[in-house]
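Results of the structural survey
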Amino acid sequence: MKTLRINIASQDDIIADFEAGRHLGEPIYSFPTWEALHSALTPNRVAILAAMKDKGGMTMREVSRLVKRDFRPVHADITALVKIGLLDRAEDGVIFPYADVHIDIPDISKAA
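Residues numbered from 1 in each chain as written. Predicted model: local features only at pLDDT ≥ 70, side-chain atom pairs only at ≥ 80, totals over all residues. Heavy atoms only, no water.

1. Focus on the sheet that holds strand β2 (residues 28-31)
The test is simple: One bridge is not enough; two strands pair if DSSP finds at least two bridges between them. Elements are defined by DSSP. Helices are runs of H or I of four residues or more, strands are runs of E of two residues or more, and each kind is numbered from the N terminus. What counts as an axis is a line fitted to C-alpha atoms, over the stretch in contact for a helix, and the angles between N-to-C directions run from 0 to 180 degrees.
One open sheet accounts for 3 strands, arranged β2-β1-β5; its pairing is parallel. The open sheet terminates on both sides in strands that have one partner only, identified here as β2 and β5 (100-104). Strand-to-strand twist in this sheet, taken as the mean axis angle between neighbours without regard to direction, amounts to 20°. Bridge count for strand β1 (residues 3-8) against β2 is 4 bridges, and the pairing is parallel. Paired with Ile6 across the strands is Tyr29, a residue of β2.

Okay, here's the thing in C-alpha cells:
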C-alpha cells in the first residue's frame, strides 16, 4: 500500500507537475487553498482516515465504532470524504486504500 500525499497547489502548479512528469505513480490529492483543505479535512474526518488506514473495506457502522462516534455524524463525514475522493466505495461499505497520509504544505504563506 502507498502513502497518499495531500498538498495545496494551484491548477497551474498541478498541470506543470503533470507535464514535467513529477510524482509519477505517487498518489497525490491537491486542494486549491488552505481554506479548502481545512474545511474538507476536519479533525473528525482526519481521525476517520487515520483509523481506516490498512484496514481494508469497512461498513460505515464499523467505522463509527472504530472512531467511537455516533453513526449519523460519521456517516455524514464518510459521505463527504467519498464525495471529494479521499475514500472509495467498497462492495459493502467504504475503503481508504492507503497505508498512510502525508499532508505537505511547501509554502507556509499559502496557509496564512
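2. Describing the pairing of β1
For the record, the criterion: Type-normalised accessible area, obtained with a 1.4 Å probe on protein chains alone, sets the label of each residue: buried when under 20%, exposed when over 50%, and partly exposed for intermediate values.
Buried residues dominate β1, accounting for 5 of its 6 residues. Direction of pairing for β1 relative to β5: parallel, over a ladder of 5 bridges. Bridge pairing in β5 places Asn7 opposite Asp104.

3. A short note on the pattern of salt bridges
Just so we agree on the cut-off: Here, a salt bridge means any Lys or Arg side-chain nitrogen found within 4 Å of an Asp or Glu carboxyl oxygen.
Throughout the structure, instances matching the rule amount to 4 salt bridges. The closest approach of N and O atoms between Arg5 and Asp104, which form a salt bridge, is 3.5 Å. Taken together, the positions of Arg5 in strand β1 and Asp104 in strand β5 put the pair 99 residues apart, joining distant regions of the chain. For Asp104, a relative accessible area of 23% translates into the label partly exposed. Salt-bridge contacts for Asp100 lead to Lys53; the nearest nitrogen and oxygen are separated by 3.3 Å. Taken as a pair, Asp100 in strand β5 and Lys53 in the loop between α3 (43-52) and α4 (60-67) lie far apart in primary sequence, 47 residues in all. Taking the relative accessible area as the measure of exposure, Asp100 reaches 33% and is therefore partly exposed.

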